[in-house]
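Fold and geometry: a report
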Amino acid sequence: MGFKRFCVLQITPEIPNEEHVRLFDDKEDSDFYFVVYEKENDRALKFCPNTVWSETRNTLAKLVPKIYDYYMFLDHDIGLEPQY
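Below: a short report on this structure. (Residues numbered from 1 in each chain as written. Predicted model: local features only at pLDDT ≥ 70, side-chain atom pairs only at ≥ 80, totals over all residues. Heavy atoms only, no water.)

1. Some remarks on the overall build of the chain
Put simply, the rule reads: Working definition: helices are DSSP H or I runs of at least four residues, strands are E runs of at least two. Numbering for both runs from the N terminus. For the radius of gyration, the atoms used are the C-alpha atoms, and the globule rule reads 2.2 Å times the number of residues raised to 0.38. Under the scheme applied here, a residue whose accessible area is under 20% of the maximum for its type counts as buried, over 50% as exposed, and between as partly exposed, the area being computed with a 1.4 Å probe on protein chains only.
Looking only at helices and strands, the chain has two helices and three strands in total. Sequence-ordered secondary structure for the chain, helices as α and strands as β, is β-α-β-α-β. Since a compact globule built from 84 residues should have a radius of gyration of about 12 Å, the 13 Å found for the chain is in line with a globular shape. With the C-alpha coordinates of the chain rotated into their principal frame, the extents come out at 40 × 30 × 20 Å. A burial count over the chain gives 32% of its 84 residues as buried.

2. What to know about the side chain of Gln10
Rules: Whenever a nitrogen or oxygen atom comes within 3.5 Å of another N or O atom, the pair is scored as a polar contact, on the condition that within protein one atom can donate a hydrogen and the other can accept it, and that pairs from neighbouring residues in sequence are kept only if both atoms are in side chains. The contact criterion used is simple: two residues touch if any of their non-hydrogen atoms lie within 4.5 Å.
Tracing the chain through its elements places Gln10 in strand E1 (residues 6-12). A distance of 3.0 Å separates a polar atom in the side chain of Gln10 from the backbone nitrogen of Asn17. In this structure the side chain of Gln10 is engaged in a polar contact, spanning 2.8 Å, whose partner is the side chain of His20. Every residue in contact with Gln10, bar those within four places of it in the chain, is listed here: Pro16, Asn17, His20, Phe32, Tyr33, Phe34, Val35, Leu60, Leu74, Asp75 and His76.

3. Notes on the side chain of Asp31
Looking at the element boundaries, Asp31 is found in strand E2 (residues 30-36). In terms of polar contacts, Asp31 uses its side chain to reach the side chain of Lys4, at 2.8 Å.

4. Things to note about the packing of aromatic side chains
Convention followed: In summary, the pairing rule links any two rings of Phe, Tyr or Trp, Trp by its six-membered ring, whose centres are within 6.5 Å, and it sorts them by plane angle into stacked for under 30 degrees, edge-to-face for over 60 and tilted for everything else.
Under the defined criterion, the tally for this structure stands at four aromatic pairs. With 6.0 Å between their ring centres and 75° between their planes, Phe6 and Phe24 make a pair best called edge-to-face. Placement of the pair is Phe6 in strand E1 and Phe24 in helix H1 (residues 18-24), with a sequence separation of 18 residues. Residue classification places Phe24 among the buried residues on the basis of a relative accessible area of 13%. Consider the rings of Tyr33 and Tyr68, whose centres lie 6.2 Å apart with planes at 70°: the pair is edge-to-face. Linking Tyr33 in strand E2 with Tyr68 in the loop between helix H2 (53-63) and strand E3 (70-73), this pair joins segments that are 35 residues apart in sequence.

5. Side note on the sheet that holds E1
To keep things clear, this is the line we draw: For two strands to count as paired, DSSP must find a minimum of two bridges between them. Fitted lines through C-alpha atoms serve as axes, helices being fitted only where they are in contact, and the angles separating the N-to-C directions of these axes extend from 0 to 180 degrees.
Taken in spatial order, the three strands make up an open sheet running E2-E1-E3, and their pairing is parallel. Because the sheet does not close on itself, it has two edges, and the strands there are E2 and E3. Ignoring strand direction, the axes of neighbouring strands in this sheet form an average angle of 20°. Here E1 pairs with E3 via four bridges, running parallel.

6. Structural notes on the pattern of salt bridges
Selection rule: Salt bridge, as applied in this entry: a Lys or Arg side-chain nitrogen positioned within 4 Å of an Asp or Glu carboxyl oxygen.
Scanning the model with the defined rule gives four salt bridges in all. The partner of Asp26 in a salt bridge is Lys4, and the shortest N-O contact between them spans 3.3 Å. Taken together, the positions of Asp26 in the loop between H1 and E2 and Lys4 in the segment before E1 put the pair 22 residues apart, joining distant regions of the chain. Residue classification places Asp26 among the exposed residues on the basis of a relative accessible area of 59%.

Here's what the structure looks like:
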C-alpha cells in the first residue's frame, strides 16, 4: 500500500453509500472504511450491533490504519455535489 493523504470513515446500517465508495475507496489519495450496526456486511471492518453512535465511531476510528494525514467521518445519508 502506498502513501495516501486521507481516508473517509462511515457508520452505516448495512451498506455504505455507493457514491462515497466510488469517490473515495482505493483511490490514488484516499481510502474508504466503514462499520455497520443493523446487519452484518463482509466488507465492513466490524459489525457493531446494540451500540450508540459514539461507541461505533470510536470503534471505527480504532480499527482504521494510522497511516493517513487526515481522517474524515462522513454520514452515510449525505449527498455530495461538486462545486465548480
